[in-house]
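Structural characterization, general
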Amino acid sequence: MVNIYEAGPFEGRLEQWPVLAVSGALEVRLAETEHEIEQAQRLRYTVFYEEMSAIPSPRMRELKRDFDRYDEVCDHLLVVDRDAHDEDGQPLVVGTYRLTREHDAARAGGFYTAGEYDLAPMLAGLAKGTKFLELGRSCVLKSYRVRPGSMQLLWKGLLAYVARFDIDLMFGCASLQGIDTAEMALPLSYLHHFHPMPPGFSVKAQPELFVDMNMIPKDQIDPREARRHCSRAMCARAAASATAR
């Protein structure tokens, strides 16, 4: 497991580390045990494969957990409900983010996102010593998405982590529900026109995965309607990743 007690530039700011924030019965923290990581993996399986109908590997289906080699090197940010419990009597994990810093990604052969996008322009376009944080595998249990504070607490924990390790840039992959790009023309075009990466180090999808996101002219897009579609499609999980053009 990753040493979550590693000292950061802001060591001492968070007295309860690895607990990052609390709101009522909800608590956002970093996973400390294999059981907590497995809880996050079960939550991911529930959301990605049972709710969103992604296709798991046979081993994932057998264990009902979503996992890959990055889980062994990253930090797992969790939202837990201390008033609810899993089958082992532990506080229930209801939200998660997977956080991977550059030196941890190197242990897994590079960032996960590099399998989807050419990151070279971004990594080379910033000053030496820039601290990167890859975000991934984020999800919230369906019954908690409408509860006030669940997603906000997850983001609050993320910002505390960013401050602890003095992160300069966050990036990662996001998912849209479905495989028909024509049905996603509005949210994809909105992200293309309204949320591009800065010129000079914009990334592109790997050639075999490339999809032109410029499907609708900018002047024909209602941003409010587009954001509503984005939220419904769960692309708000990591809008910064939707930069393939």
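Not measured: the values here are computed from a predicted model.

Geometrically, a pair of aromatic rings is defined through the distance of the ring centres and the angle of the planes. Going through the model one piece at a time under the given rule, you end up with six aromatic pairs. Relative to Tyr49, the ring of Tyr45 has its centre 5.0 Å away and its plane inclined at 35°; by these criteria the two rings are tilted. Here Tyr45 pairs with Tyr49, and both are found in helix α1 (residues 34–51), just four residues apart, close to one helical turn. An aromatic cluster of at least three residues, connected via ring pairs, comprises Phe111, Phe132 and Phe171. The ring centre of Phe165 lies 3.8 Å from the NZ or CZ of Arg101, which sits over that ring. Over the face of the ring belonging to Phe165 we find Arg164, whose NZ or CZ atom lies 5.8 Å from the ring centre.

A few words now on the environment of Arg61. With respect to the element layout, Arg61 can be found in helix α2 (residues 58–63). Arg61 sits in the partly exposed class, given a relative accessible area of 44%. Separated by 16 residues in sequence, Arg61 and Tyr45 have C-alpha atoms that sit 8.6 Å apart. When neighbours within four sequence positions are excluded, Arg61 is seen to be in contact with Tyr45 and Pro56.

Right, let's talk about the confidence of the model for the chain for a bit. Across the chain, pLDDT averages 84, with 87% of residues at or above 70. Within the chain, no element has a lower average pLDDT than helix α8 (residues 223–232), which sits at 78, and none a higher one than α2, at 96. Contacts from residues 234–245, a stretch scored under 50 in pLDDT, to residues over four places away or in other chains number 42 contacts.

To continue, consider unusual backbone geometry. Even without being glycine, Lys64 reaches a positive phi, approximately 55°. A residue is classified by how much of its surface remains accessible, and Lys64, at 45% relative accessible area, is partly exposed.

What follows covers the side chain of Gln39. Residue placement: Gln39 occurs in helix α1. Overall, Gln39 belongs to the buried group, its relative accessible area being 7%. For Gln39, the contacting residues outside a window of four places in its chain are Asp86, Gln90, Pro91, Leu92 and Val93.

In terms of nonpolar packing, the biggest core is built from 24 residues, with Leu77, Leu99, Leu133 and Leu158 touching the most fellow members. For this core, the secondary structure elements donating two or more residues are β1 (19–23), β2 (26–30), β3 (75–85), β4 (91–101), β6 (132–140) and α6 (150–164). Broken down by element, the residue count for this core peaks at six residues, all from α6. Core analysis: the second largest hydrophobic core is formed by 14 residues, Ala31, Leu78, Val80 and Val93 among them.

Here we come to the sheet that holds β1. Judged by pairing direction, the sheet is mixed, and its six strands sit side by side in the order β1-β2-β3-β4-β6-β7 without closing on themselves. Lying at the two open borders of the sheet, with one neighbouring strand each, are β1 and β7 (169–172). Adjacent strand axes in the sheet meet at a mean angle of 25°, parallel and antiparallel pairs treated alike. By the bridge criterion, six bridges tie β4 to β6 in an arrangement that is antiparallel. Residue pairing across strands places Gly95 opposite Val140, the latter belonging to β6. Where α6 meets the sheet, it contacts β1, β2, β3, β4, β6 and β7, and its direction lies at approximately 35° from that of β4.

Each value, and the rule that gives it
- Residue positions are given per chain, counting from 1 as you read along its sequence in written order.
- The predicted nature of this model means local features are confined to residues of pLDDT at least 70 and side-chain atom pairs, given and counted, to a pLDDT of 80 or more, with totals for whole chains, interfaces and linings taken over all residues.
- Each side-chain value is worked out from all heavy atoms of the structure, with water and hydrogens disregarded.
- In this scheme Phe, Tyr and Trp rings, the latter by its six-membered ring, pair at centre separations within 6.5 Å, and the angle between planes marks the pair as stacked below 30 degrees, edge-to-face above 60, and tilted otherwise.
- Note on conventions: DSSP H or I runs of at least 4 residues are helices, E runs of at least 2 residues are strands, and numbering of each starts at the N terminus.
- Ring-over charges, as used throughout, are those where CZ of Arg or NZ of Lys falls within 6 Å of the ring centre and within 35 degrees of the ring normal.
- For the exposure calls, accessible area comes from a 1.4 Å probe over protein chains only, and a residue counts as buried if that area is under 20% of its type's maximum, exposed if over 50%, partly exposed in between.
- Residues are treated as being in contact if the distance between any of their heavy atoms lies within 4.5 Å.
- Values of pLDDT, which run from 0 to 100, indicate the predictor's confidence residue by residue.
- For our purposes a nonpolar core is just a set of buried Ala, Val, Leu, Ile, Met, Phe, Trp, Tyr and Cys residues, chained together by side-chain atoms within 4.5 Å.
- DSSP calls a pair of strands paired once it identifies at least 2 bridges connecting them.
- Only the stretch in contact is used when a helix axis is fitted, and all axes are lines through C-alpha atoms; the angle between N-to-C directions ranges over 0 to 180 degrees.

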